[in-house]
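Architecture at a glance
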Amino acid sequence: MVLSDKEKMVAVISNGIAVFSLLQERDELPKNTTMYDFVLKVIPENIKSELSVELIDEVFQYVTSAHNSS
């Protein structure tokens, strides 16, 4: 099975959110770095056409609710 570009994008966004959260907890992020800024920097150019703020928000909401329900 080959992942679609949208599925790859969701995986990269999810990973970016996780890394952002870890670095934020460790106070290792440059000042004023937002989750959006961080995620935008980790998205590979070849799949950026699938990127939208709404998708980042949707993935963030899903990840947050999945962690809160366990």
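Residues numbered from 1 in each chain as written. Predicted model: local features only at pLDDT ≥ 70, side-chain atom pairs only at ≥ 80, totals over all residues. Heavy atoms only, no water.

1. A look at the packing of aromatic side chains
Any two aromatic rings considered together are summarised by their centre-to-centre distance and by the angle between their planes. For the structure on display, the rule yields 1 aromatic pair. Each ring, one from phenylalanine 20 and one from phenylalanine 38, has its centre 5.8 Å from the other, and the planes form 55 degrees; the classification is tilted. In this pair, phenylalanine 20 is assigned in helix H1 (residues 5–25) and phenylalanine 38 in helix H2 (residues 35–42), connecting sequence segments 18 residues apart. Take phenylalanine 20: its relative accessible area is 6%, and that puts it in the buried class. (Phe/Tyr/Trp six-rings, centres within 6.5 Å; stacked < 30°, edge-to-face > 60°. Helix = DSSP H or I, 4+ residues; strand = E, 2+ residues; numbered from the N terminus. Buried < 20%, exposed > 50% of the residue type's maximum accessible area, 1.4 Å probe, protein only.)

2. A few points about the pattern of salt bridges
In the structure shown here, the tally under the stated rule is 3 salt bridges. Of the charged contacts, one joins aspartate 5 and lysine 8 as a salt bridge, the two residues approaching to 4.0 Å between their closest N and O atoms. Taken as a pair, aspartate 5 and lysine 8 lie in helix H1 at a separation of 3 residues, close to a single helical turn. By relative accessible area, lysine 8 is classed as partly exposed at 33%. (Salt bridge = Lys/Arg side-chain N within 4 Å of Asp/Glu carboxyl O.)

3. Here's the deal with the nonpolar core
Counting residues in hydrophobic clusters, the biggest one holds 15 residues, and the most contacted among them are Met9, Ile13, Ile17, Met35, Val39, Ile43 and Val59. Those elements giving two or more residues to this core turn out to be H1, H2 and helix H3 (53–68). A total of 5 residues in this core trace back to one element, the largest contributor, which is H1. The contacts of methionine 35, once residues within four sequence positions are left out, are Ile17, Phe20, Ile56 and Phe60. (Core = buried A, V, L, I, M, F, W, Y, C linked by side-chain atoms within 4.5 Å. Contact = heavy atoms within 4.5 Å.)

4. Here's the deal with the packing of H1 against H2
For the pair H1 and H2, interaxial distance at closest approach is 9 Å and the crossing angle is 130 degrees. Between H1 and H2, the angle is such that the two are oblique. Regarding H1 and H2, the two cross each other, and that crossing is right-handed. Within the contact between the two elements, H1 uses Val12, Ile13, Gly16, Ile17, Val19, Phe20 and Leu23 and H2 uses Met35, Phe38, Val39 and Val42. Taken together, the residues that form the contact of H1 with H2 break down as 10 nonpolar, 1 polar and no charged. (Axes fitted to C-alpha atoms, helices over the stretch in contact; angles between N-to-C directions. Parallel < 35°, antiparallel > 145°, perpendicular 65-115°, else oblique. Left-handed = near helix turned anticlockwise from the far one by under 90°. Nonpolar A, V, L, I, M, F, W, Y, C, P; charged D, E, K, R; others polar.)

5. Considerations on the packing of H1 against H3
A pair of packed helices can be characterised by two numbers: the angle between their axes and the separation between those axes. Put simply, H1 and H3 touch, their axes get as near as 10 Å, and they point 60 degrees apart. Compared by their axis directions, H1 and H3 come out oblique. In terms of crossing hand, the pair formed by H1 and H3 is right-handed. Judged by residue contacts, Lys6, Met9, Val10, Ile13, Ser14 and Ile17 of H1 engage Leu55, Ile56, Val59, Phe60 and Val63 from H3. Partitioning the contact of H1 with H3 into residue classes produces 9 nonpolar, 1 polar and 1 charged.

Limitation: the analysis is restricted to geometry and does not speak to function.
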